[in-house]
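The residues making up each chain are set out below.
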2 protein chains.
Amino acid sequence: MIKLAILASANGTNAQAIIEAVRDGRLDADVRVVLTNKEDAGVISRAQKFGIPVEIVPSKGHRNRAEYDALVVAALEKYEVDTIALAGWMRILSEVFIDAYKGRILNLHPALLPSFKGATAIADAYSHGVRITGCSIHLVTLELDAGPVILQAAVPISGTVDELESQIHRMEHRIFPQALQWFAEGRISVQDRHVIVAPSAAKVRKTDFIEGCLVSPALEEKI
Amino acid sequence: MIKLAILASANGTNAQAIIEAVRDGRLDADVRVVLTNKEDAGVISRAQKFGIPVEIVPSKGHRNRAEYDALVVAALEKYEVDTIALAGWMRILSEVFIDAYKGRILNLHPALLPSFKGATAIADAYSHGVRITGCSIHLVTLELDAGPVILQAAVPISGTVDELESQIHRMEHRIFPQALQWFAEGRISVQDRHVIVAPSAAKVRKTDFIEGCLVSPALEEKI
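This one's a predicted model, so the numbers in the text were calculated from it and none came from an experiment.

Undergrad: Where do I start with the overall build of chain A in this structure?
TA: Per the secondary structure count, chain A includes 6 helices and 10 strands. Burial status across chain A gives 53% buried among its 223 residues. Contacts in chain A between residues at least 24 apart in sequence constitute 65% of all its contacts with a sequence separation of at least 6. With an accessible surface of roughly 9600 Å², chain A has 51% of that area assigned to carbon and sulfur atoms.

Undergrad: Explain the packing of aromatic side chains to me, please; I cannot follow it from the model alone.
TA: Each pair of aromatic rings is reported with the distance of its centres and the angle of its planes. The full count for this structure, using the stated rule, is 4 aromatic pairs over all chains. Here the aromatic rings of F97(A) and Y101(A) are separated by 5.7 Å at their centres, their planes lie at 45 degrees, and the arrangement is tilted. For the pair formed by F97(A) and Y101(A), the shared burial category is buried. A centroid spacing of 6.5 Å and a plane angle of 20 degrees characterise the contact between Y68(B) and W89(B), whose relative ring orientation is stacked.

Undergrad: How do you make sense of the pairing of strand β9 (residues 194–197) of chain B when you look at a structure like this?
TA: Put simply, side chains in a regular strand alternate between the two faces of the sheet. All names here are of chain B. Because side chains alternate across β9, one face comprises the buried residues V195 and V197, and the other comprises H194 and I196, none of which is buried. Pairing of strand β8 (residues 188–191) with β9, which is carried by 4 bridges, proceeds in the antiparallel orientation. Across the sheet, V190 pairs through a bridge with V195, a residue of β9. Between β8 and the antiparallel strand that follows it, β9, lie 2 residues; D192 among them carries a positive phi value of about 55 degrees.

Undergrad: Please explain the side chain of H109(B) as it appears in this structure.
TA: Structurally, the position occupied by H109(B) is in strand β5 (residues 105–109). Taking the relative accessible area as the measure of exposure, H109(B) reaches 3% and is therefore buried.

Undergrad: Before we go on, may I ask you to explain the pattern of salt bridges in this structure?
TA: For the structure on display, the rule yields 16 salt bridges over all chains. Taking the shortest distance from any N to any O, the salt bridge between D99(A) and K102(A) comes out at 3.2 Å. The class for K102(A) is exposed, based on a relative accessible area of 60%. As a salt-bridge pair, D24(B) and R23(B) come within 2.9 Å of each other at their nearest N and O atoms. In this structure D24(B) comes out as partly exposed when scored by relative accessible area, which is 42%. Ionic contacts of the salt-bridge type, sharing partners, join the residues R23(A), D24(A) and R26(A) into one network.

Undergrad: Explain the confidence of the model for chain A here, please?
TA: When pLDDT drops low, the exact placement of atoms in the prediction is not to be read closely. Residue and element names in this part refer to chain A. In the predicted model, chain A carries a mean pLDDT of 89, and 90% of its residues have values of at least 70. Considering only residues more than four positions removed or in separate chains, one finds that residues 203–212, a stretch of pLDDT under 50, has 32 contacts. The model gives residues 216–223 a pLDDT under 50, and that stretch makes 25 contacts with residues more than four places away or in other chains.

Undergrad: How should the environment of A74(A) be read in this particular structure?
TA: Tracing the backbone shows A74(A) in helix α3 (residues 65–77). When the C-alpha positions of A74(A) and I175(A) are compared, they lie 29 Å apart, and in sequence the two are 101 residues distant.

Undergrad: Please explain the side chain of S59(A) as it appears in this structure.
TA: All names here are of chain A. Take S59: it is sitting in the loop between β3 (54–56) and α3. Separated by 3.1 Å, the side chains of S59 and N37 make a polar contact. Setting aside residues up to four positions removed in sequence, S59 forms contacts with N37, Y68 and R91.

Undergrad: Whenever I open this one, the packing of helix α1 (residues 13–23) of chain B against helix α6 (residues 161–184) of chain B confuses me. Can you help?
TA: Residues and elements named next belong to chain B. Orientation of α1 relative to α6, taken along the N-to-C sense of each, is 50 degrees, at an axis distance of 9 Å. In this view, α1 runs oblique relative to α6, as classed from their interaxial angle. Here the hand of the crossing between α1 and α6 comes out right-handed. Counting all contacts with α1, which are made through T13, N14, A17, I18 and A21, the residues of α6 involved are E172, H173, F176, P177 and L180. For the contact of α1 with α6, the class distribution of residues is 6 nonpolar, 3 polar and 1 charged.

Undergrad: Explain unusual backbone geometry here, please?
TA: Note on backbone geometry: most residues besides glycine have negative phi, and most peptide bonds are trans. Of the consecutive residues L113(A) and P114(A), the connecting peptide bond is found in the cis state with omega at 10 degrees. Structurally, P114(A) can be placed in the loop between β5 (105–109) and α5 (121–128). Here the phi dihedral of F116(A) falls at roughly 55 degrees; this positive angle occurs in a residue that is not glycine. Of note, F116(A) is situated in the loop between β5 and α5. The backbone phi angle of E80(B) is positive, close to 50 degrees, even though this residue is not glycine. Tracing the chain through its elements places E80(B) in the loop between α3 (65–77) and β4 (83–86). A relative accessible area of 57% places E80(B) in the exposed class.

Thresholds applied
Residues numbered from 1 in each chain as written. Chains lettered and ligands numbered in written order. Predicted model: local features only at pLDDT ≥ 70, side-chain atom pairs only at ≥ 80, totals over all residues. Heavy atoms only, no water. Helix = DSSP H or I, 4+ residues; strand = E, 2+ residues; numbered from the N terminus. Buried < 20%, exposed > 50% of the residue type's maximum accessible area, 1.4 Å probe, protein only. Contact = heavy atoms within 4.5 Å. Areas by Shrake-Rupley, 256 points an atom, 1.4 Å probe, with all protein chains shown as cover. Phe/Tyr/Trp six-rings, centres within 6.5 Å; stacked < 30°, edge-to-face > 60°. Pairing = 2+ DSSP bridges. Salt bridge = Lys/Arg side-chain N within 4 Å of Asp/Glu carboxyl O. pLDDT = per-residue confidence, 0-100. Polar contact = N/O pair within 3.5 Å; in protein donor to acceptor, adjacent residues only side chain to side chain. Axes fitted to C-alpha atoms, helices over the stretch in contact; angles between N-to-C directions. Parallel < 35°, antiparallel > 145°, perpendicular 65-115°, else oblique. Left-handed = near helix turned anticlockwise from the far one by under 90°. Nonpolar A, V, L, I, M, F, W, Y, C, P; charged D, E, K, R; others polar.

Right, here's the structure in full:
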């Protein structure tokens with residue numbers, strides 16, 4: 001069982017997917033707090049609907065990232081969490097935060113890393129003209145969007161950028177709870193850059209998909 | 001119908017896949033010549049087995065790429081080809097070559113571009129620890145491995161790097177003839193960086209997979 005904080009800056013659909021996975025018994029986590037840097041973030045009402053405490057730590061007006069991150073770490077302290085899920089956290093983390101939860105911060109990135117790092121990954125993949133993009137859950141290190149990859153999903157590009165965005169989000173909502181569950185089961189270890197997922201000890205699997213890779217079901221004949 | 005030259009530096013399994021696609025009626029191409037820069041390349045005997053003329057233009061001893069590429073262009077001249085398939089051509093092209101076949105050079109790259117450009121893409125993806133890699137067919141521009149993408153296939157990583165290599169090759173052998181067939185049918189156009197594949201005019205499709213994206217069938221339950 002992990003004691004989880006979810007950090008989110010925006011709408012919070014991934015936070016909700018994680019919370020629902022807990023509710024449905026697919027994820028052995030205690031979601032102790034949702035923390036956001038935006039007072040009007042959609043994630044606030046989503047968390048409240050499920051009775052999860054919300055902390056708002058506004059990110060404006062700080063001298064640097066370290067100063068802000070120290071406030072976030074302080075705000076999390078009383079919840080005694082041991083694992084952090086960055087579910088659309090639109091801020092780059094400083095050493096202050098990364099050291100406080102070393103090796104236990106999972107980030108979602110809406111592209112098949114190492115392609116399309118940065119804050120506009122979906123639009124970047126779309127305008128680059130690739131045929132396949134996706135999403136990644138990775139462990140956070142100081143280098144932006146570059147930590148060891150736990151799980152990825154591939155999504156073919158067809159249709160508009162809005163359609164692509166919703167297809168990617170749909171995959172995110174599946175892989176993030178899955179990666180957290182592997183974490184909760186103590187099955188994740190890292191060798192060099194490789195994430196090793198140990199075989200499950202449980203007789204009954206809580207998950208319904210393959211190790212480390214998921215492919216969008218949207219692959220239909222189109223010609 | 002395209003008049004095709006295949007350029008290959010090594011074993012030639014992709015050249016063979018293209019030649020077999022022609023033989024089997026899946027690709028409307030006349031493979032007029034196979035050209036290699038290596039006197040001991042495996043592609044030579046493969047081409048000869050199918051009765052395809054072979055040109056060997058050794059790449060050693062030239063002052064620069066342009067000088068060598070001029071020899072290649074000269075060697076191709078008598079075959080009157082209009083389309084070039086780079087099927088494991090381990091040389092960076094100069095403007096001399098690219099201008100001679102402008103917009104009609106297709107390259108195979110064994111990764112999901114823009115990830116893992118360069119000559120060691122499969123090993124790079126493996127050692128980077130990504131969960132999904134693949135292969136790409138793209139139009140060649142002066143910038144290495146950066147031209148508009150026609151078709152990609154996603155391959156999940158599991159097992160050894162050798163197993164990954166053979167899985168990627170298997171996908172290459174499917175997508176390269178497919179991309180060439182779209183070319184042969186005159187269905188490919190480029191807008192900005194986007195490759196547009198026009199709908200097929202043929203009543204009977206010659207191909208068996210989806211537009212612009214193919215996913216490895218190796219996605220099995222593993223947990």
